[in-house]
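Notes for the structure review
What follows is each chain in one-letter form.
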Amino acid sequence: MDNKLKIGFIGTGVMGKSLVKHLLKAGHEVNIYTRTREKAEELIELGSTWASTPREIASTSQIVFTMVGYPYDVEEVYLGEQGILRADNKGLIMIDMTTSTPTLAQKIEKEAKEKGMHSLDAPVSGGDVGAQLGKLSIMCGGERATFEKVLPVLSLFGETVIYQGPSGAGQHTKMCNQITIATGMIGVCEALAYGKKAGLDLEEVLRSISTGAAGSWSLSNLAPRMIAENFEPGFYIKHFVKDMKIALDEAEKMNLQLPGLQLAKSMYEELVEQGYENNGTHTLIKAYV
């Protein structure tokens, strides 16, 4: 593809905002759309152009990224009256970075092919920090040729960008990621709760266990936030609950039991009931202290 591209970006939230900044820094022309324009003012000041609908963005872009909240948001952005797929732009490449359902990814690809467009499902992992540093893990499903074409762009903010297979494979891989995080977060919280009860210096505990066999991204990046009682979201609890539900639904279709994930989901649902849905996932520590 050309060195300088016309790129659309729909959904400039906690993570999307950082990705747009990477695209601008690389010299690409970026048009943006988000439901609340005020939240995009910083990006407009940095050189992005505001568009009034997803369809408008899709009509003038070579690549369109989407990073919204829920599968129903994805459906509206792509298939709604003013959605991306209502644009007349053969050759357009659409990359959905939302954690959504494999079934919806396949539905979008089918409609895209009928219009001479291309799509990838490309959910990410790495949270707000990974987005800011350009070190996300990106899991891609779709046609390999499309993946290869956009790899240089994805590499602007992805440190690990891997093709997983046909449409839907990226979303299935993200479910593997979320399952690992969900049960792992319980372990991190229980370790800190145990250390606190034992009268240990928790920061010193982390120095010892973060680099050993217990080491994980959550332990290194989220446990310090737990200790500091900083519950600002890198990833919202409400979105994590959505992801766990998708994973359990998909597991049921495959006749697979995931008791660890079921436990984690029930614990997070309790936090939602307590009003913590807009906090970060590491707020799970509140179940112990």
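The structure we're discussing is the one just above.
Not measured: the values here are computed from a predicted model.

Compared with the 18 Å implied by 1.5 Å per residue over 13 residues, the 19 Å span of helix α5 (residues 102-114) between its first and last C-alpha is a close match. Of all the positions in α5, only P102, L104, A105, I108, E109 and A112 are classed as buried. Mapping the buried residues of α5 onto a view down its axis gives an arc of 160 degrees, with all of them on the same face. Structural note: α5 exposes K110 and E114 on the side pointing more than 90 degrees away from its buried face. Looking at the packing, one finds that the buried side of α5 touches α4 (71-79), β5 (93-96), β6 (118-121), β8 (136-142), α8 (169-197) and α12 (237-253). Residue G116 follows α5 closely and has a positive phi angle near 75 degrees.

Our next topic: the pattern of salt bridges. If you walk through the whole model with that rule in mind, you get 14 salt bridges. Here R225 ties to D128 by a salt bridge, and the two come within 3.4 Å at their closest N and O atoms. Of the two residues, R225 sits in helix α11 (residues 223-228) while D128 sits in helix α6 (residues 127-133), which places them 97 residues apart along the sequence. A relative accessible area of 16% places R225 in the buried class. Its salt-bridge partner being E250, residue K253 comes within 3.3 Å of it at the nearest N-O pair.

This part covers the packing of α4 against α5. Put simply, α4 and α5 touch, their axes get as near as 11 Å, and they point 5 degrees apart. When the axes of α4 and α5 are compared, the pair comes out roughly parallel. For the pair α4 and α5, contact is made by P71, V74, E75, Y78 and L79 and by L104, K107, I108 and E111, respectively. When its residues are assigned to classes, the contact of α4 with α5 shows six nonpolar, no polar and three charged.

Criteria and thresholds
Residues numbered from 1 in each chain as written. Predicted model: local features only at pLDDT ≥ 70, side-chain atom pairs only at ≥ 80, totals over all residues. Heavy atoms only, no water. Helix = DSSP H or I, 4+ residues; strand = E, 2+ residues; numbered from the N terminus. Expected span 1.5 Å × (residues − 1). Buried < 20%, exposed > 50% of the residue type's maximum accessible area, 1.4 Å probe, protein only. Arc of directions from axis to C-beta. Contact = heavy atoms within 4.5 Å. Salt bridge = Lys/Arg side-chain N within 4 Å of Asp/Glu carboxyl O. Axes fitted to C-alpha atoms, helices over the stretch in contact; angles between N-to-C directions. Parallel < 35°, antiparallel > 145°, perpendicular 65-115°, else oblique. Nonpolar A, V, L, I, M, F, W, Y, C, P; charged D, E, K, R; others polar.

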